[in-house]
Amino acid sequence: MITEATRVLIVDDAAQNRASLQRLLAQASFTIAGEAALGPEAVAEVKEAKPDVVLVAVEDPATRALRTIETLTMAVPGTPVVAVSSLSEREYMRRAMLAGARDYLVKPISAEDLETSLLALVELEQKRSSLAEDAVDTGRTGEIVTVLGAKGGIGRTTIAANLAVALAIEGKHKVALVDLDTQLGDVALLLDIVPEKSLGDVVSLIDRLDPELMRGFLSVHSSGLKVLPAPLRLEDGERITSAHVRRVLQVLSRTYDFVVVDTPRAFHDNTVTALDVSSLVIVVTTLDVACLKSTKVCLSILRSWRYPTEKVKLLINHVNNVNGIGNAEVESAVDYPIFWRIPNDTTTMTNCSRAGKPFVQTQPAAAISRNMISLSYSVAGDPPPTKGIMSRLRGK
Ligand SMILES: Nc1ncnc2c1ncn2[C@@H]1O[C@H](COP(=O)(O)OP(=O)(O)OP(=O)(O)O)[C@@H](O)[C@H]1O
Ligand SMILES: [Mg+2]
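As the structure is a prediction and not an experimental result, all values here were calculated from the model.

## Considerations on the site of ligand 1
Step number 1: Around ligand 1, the structure places 17 residues, and the nearest of them are Gly 153, Thr 157, Thr 158, Asn 317 and Met 349.
Step number 2: A distance of 2.9 Å separates a nitrogen atom of ligand 1 from a polar backbone atom of Pro 343.
Step number 3: Residue Asp 345 places a main-chain N or O atom 2.9 Å away from a nitrogen atom belonging to ligand 1.
Step number 4: Only helix H6 (156-168), strand S12 (312-319) and helix H15 (346-355) provide two or more residues apiece to the shell around ligand 1.
Step number 5: The biggest single contributor to the shell around ligand 1 is H6, with 3 residues.
Step number 6: Here the residues of the shell around ligand 1 sort into 4 nonpolar, 9 polar and 4 charged.

## Some points on the pairing of strand S4 (residues 81-85)
Step number 1: By the criterion of burial, S4 is predominantly enclosed, with 5 of the 5 residues buried.
Step number 2: Direction of pairing for strand S3 (residues 53-57) relative to S4: parallel, over a ladder of 4 bridges. Note that in S4 the partner of Leu 55 across the bridge is Val 82.
Step number 3: As for the winding sense of the linkage, the β-α-β connection from S3 through helix H3 (residues 63-75) to S4 is right-handed.
Step number 4: When S4 meets strand S5 (residues 103-106), the two strands line up parallel, connected through 4 bridges. Across the sheet, the residue bridging to Ala 83 is Tyr 104, located in S5.

## Re the packing of aromatic side chains
Step number 1: In total, this model carries 3 aromatic pairs according to the counting rule given.
Step number 2: With 6.3 Å between their ring centres and 40° between their planes, Phe 267 and Trp 305 make a pair best called tilted. Here Phe 267 is found in the loop between strand S10 (258-262) and helix H12 (269-277), whereas its partner Trp 305 is found in the loop between helix H13 (289-304) and S12, with 38 residues between them in sequence.
Step number 3: Given the relative accessible area of 34%, Trp 305 is considered partly exposed.
Step number 4: Their ring planes at 50° and their centres at 5.5 Å tell us that Phe 339 and Trp 340 sit as a pair that is tilted.
Step number 5: According to the relative accessible area criterion, Phe 339 is partly exposed, its value standing at 24%.
Step number 6: One aromatic cluster is present, formed by Phe 267, Trp 305 and Tyr 307 through successive ring pairs.

Calculation rules
Residues numbered from 1 in each chain as written. Chains lettered and ligands numbered in written order. Predicted model: local features only at pLDDT ≥ 70, side-chain atom pairs only at ≥ 80, totals over all residues. Heavy atoms only, no water. Near = heavy atom within 4 Å. Polar contact = N/O pair within 3.5 Å; in protein donor to acceptor, adjacent residues only side chain to side chain. Helix = DSSP H or I, 4+ residues; strand = E, 2+ residues; numbered from the N terminus. Nonpolar A, V, L, I, M, F, W, Y, C, P; charged D, E, K, R; others polar. Buried < 20%, exposed > 50% of the residue type's maximum accessible area, 1.4 Å probe, protein only. Pairing = 2+ DSSP bridges. Right-handed = clockwise from strand over helix to strand, strands pointing away. Phe/Tyr/Trp six-rings, centres within 6.5 Å; stacked < 30°, edge-to-face > 60°.

Here it is in structure tokens:
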């Protein structure tokens, strides 16, 4: 996040102190949203200026400042308040935090400390409010899309993550991505997310799980996508049953337009449950002969479960000019129509893993990204954009 975009309001009775805080904020390149004295003036000014964060000076006697913090916290709960003070005693810190301050900075404060504290708080608040919006039960059910594959290492996670990001980009759709690979899940890694909670933590609350509780387990990706990462500990993965998976996906689909599910390489009961509740199953294959053979078996199993062909779609990954196998040949080999083909693109893939970001976000112009974005339009049933995909992604 860039500091210039962050608007800060200063609350301090002493004009001289306000001026020195202004200088410090300017040094860290923050934008000043306004200033006010302690008391009702501060609350009115904050309501009017709508800053991202408020700095309140706490000096002895601290009662008015603490009361101001308390009133601000209640009047504008979505705006974090930070106390700045020359009082370093723990008692003042404790009282300021009890009044609702989210941080307590002791003078002398460096521009760097200010930047670290304010940006972290604003970012946290943005995540919190984005998740709060998502806790709303929509009263309808979103689509569950499971990405399956008959072999390991064929691109399921790459496709699930990039499809989910492409669906979520520009706030087009509310999307959640679930990592069902309970042993080796790497969705969080691919999206450069450091999760605090995961699918493993949902288990203990499963009976009470609802959209409100669910949001506490989700991580927020920079695209707006919400992620339920794979269990952080191996033993937690072992406790996850089909009943848990069913409940998690049902609850998520009450809030999100799309719930994309990444699956493990082995066919597990949990995967079967995800397939059952999905409205779309994307079966990923490559043109490798062994993979095509396993894919054929997998497709015939899904057919024996009476999944309709509209629900099960075949996607070929790693298509390149060297494979030399035509659509008709593949369709006859697996006895199934091809829905989608994704090109092989090692260069984009390497750049994207270096950047720790999905390619649809970092390299939207690459052929593989344009392909994946078109896939997202097809999955969502959205009309293709009238403007070029590139200019849409750049927001122009
Ligand atoms: N179209 C593609 N072109 C080039 N490389 C690709 C393509 N799709 C996936 N890859 C690469 O293949 C490797 C395996 O991909 P990925 O992890 O998505 O597969 P997976 O099926 O989820 O594997 P696992 O069985 O380990 O879960 C990754 O290094 C990824 O970058
Ligand atoms: Mg994977």
